[in-house]
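# Summary of the model geometry
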Amino acid sequence: QVQLAESGGGLVRIGGSLRLSCAVSGRAFYAMGWFRRTTEKVREFVAGIDWDGDTTKYAEFVKGRFTISRDNTENTLALQMNDLTPEDTARYYCTVVDAGDFTRPGTWWGRGTQVTVSS
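Because the structure is predicted, anything quoted here is derived from the model rather than measured. Sequence order as written defines the numbering, with residues in each chain counted from 1. A pLDDT threshold of at least 70 governs which residues receive local features in this predicted model, and a stricter bar of 80 or more applies before side-chain atom pairs are shown or counted, although totals over entire chains, interfaces and linings include all residues. Side-chain descriptors were evaluated using all non-hydrogen atoms of the structure, hydrogens and water having been removed beforehand.

For the purposes of this entry, the term helix denotes a DSSP run of H or I that reaches at least four residues, the term strand denotes a run of E that reaches at least two, and both are numbered from the N terminus. Within the chain, the secondary structure is distributed over zero helices and eleven strands. Reading the chain from its N end, one meets helices and strands in the order β-β-β-β-β-β-β-β-β-β-β. The globule rule used here is 2.2 Å times the number of residues to the 0.38 power, and the radius of gyration it is set against is calculated over C-alpha atoms. Against the compact-globule benchmark of 14 Å for 119 residues, the chain has a radius of gyration of 13 Å, which places it among compact chains. Overall, the chain is about 40 × 25 × 25 Å in size when its C-alpha atoms are taken along their principal axes. Accessibility here uses a 1.4 Å probe with only protein chains present; expressed as a share of the type maximum, an area under 20% marks a residue as buried, one over 50% as exposed, and anything in between as partly exposed. Burial statistics for the chain: of 119 residues in total, 42% are counted as buried. Considering only contacts within the chain whose residues lie at least 6 apart along the sequence, 55% involve residues at least 24 apart. Per-residue and other accessible areas follow the Shrake-Rupley method at a 1.4 Å probe size, with only the shown protein chains counted as cover for residues. For the chain, the exposed surface amounts to about 6300 Å²; the carbon and sulfur share of it is 47%. Residues scored as charged are limited to Lys and Arg (positive) and Asp and Glu (negative), so that His and the chain ends carry no count. Charge positions are represented by NZ for Lys, CZ for Arg, CG for Asp and CD for Glu. Computed over 14 positive and 14 negative side-chain charges, the separation of the two mean positions in the chain equals 6 Å. The contact definition used throughout considers only heavy atoms, calling two residues in contact when any of these lie within 4.5 Å.

This brings us to the sheet that holds strand S3 (residues 18–26). In this analysis, strands are considered paired if DSSP registers two or more bridges between them. Read across the open sheet, the four strands follow the order S1-S3-S8-S7; overall the sheet is antiparallel. Bordering the open sheet on either side are strand S1 (2–7) and strand S7 (66–71), each of which pairs with just one other strand. Across the sheet, the axes of successive neighbouring strands diverge by a mean angle of 15°, strand direction being ignored. By the bridge criterion, six bridges tie S3 to strand S8 (residues 76–81) in an arrangement that is antiparallel. Looking at the pairing, Ser21 lines up with Ala78 of S8. For helices, the fitted axis covers only the stretch in contact; all axes are lines through C-alpha atoms, and the angles between them, taken along N-to-C directions, range from 0 to 180 degrees.

Right under this line is the structure:
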């Protein structure tokens, strides 16, 4: 059993930055990822990271702007988001992902944290 709690969302202007965090309780030795659900209710893969942080994968639309990281000693996952655009407006979720395919989420989800980018 894994419990996930996201935080760090908020309202930010175009070009701004936010850092999302995910507190992970339970076993932490999983590949982890961030997904988002847009206002159109579409769920999108954002970024994934393997259990020791050596391998990462990003959606094309966030490459060069977002950075995923983890701290297994603190059982936390983070997503640094820079140069935000209105298209990044969404509710962001962390989850355990398939270690062989980070774009495949597992069944454990937190409540998410809302990110809104305004002009």
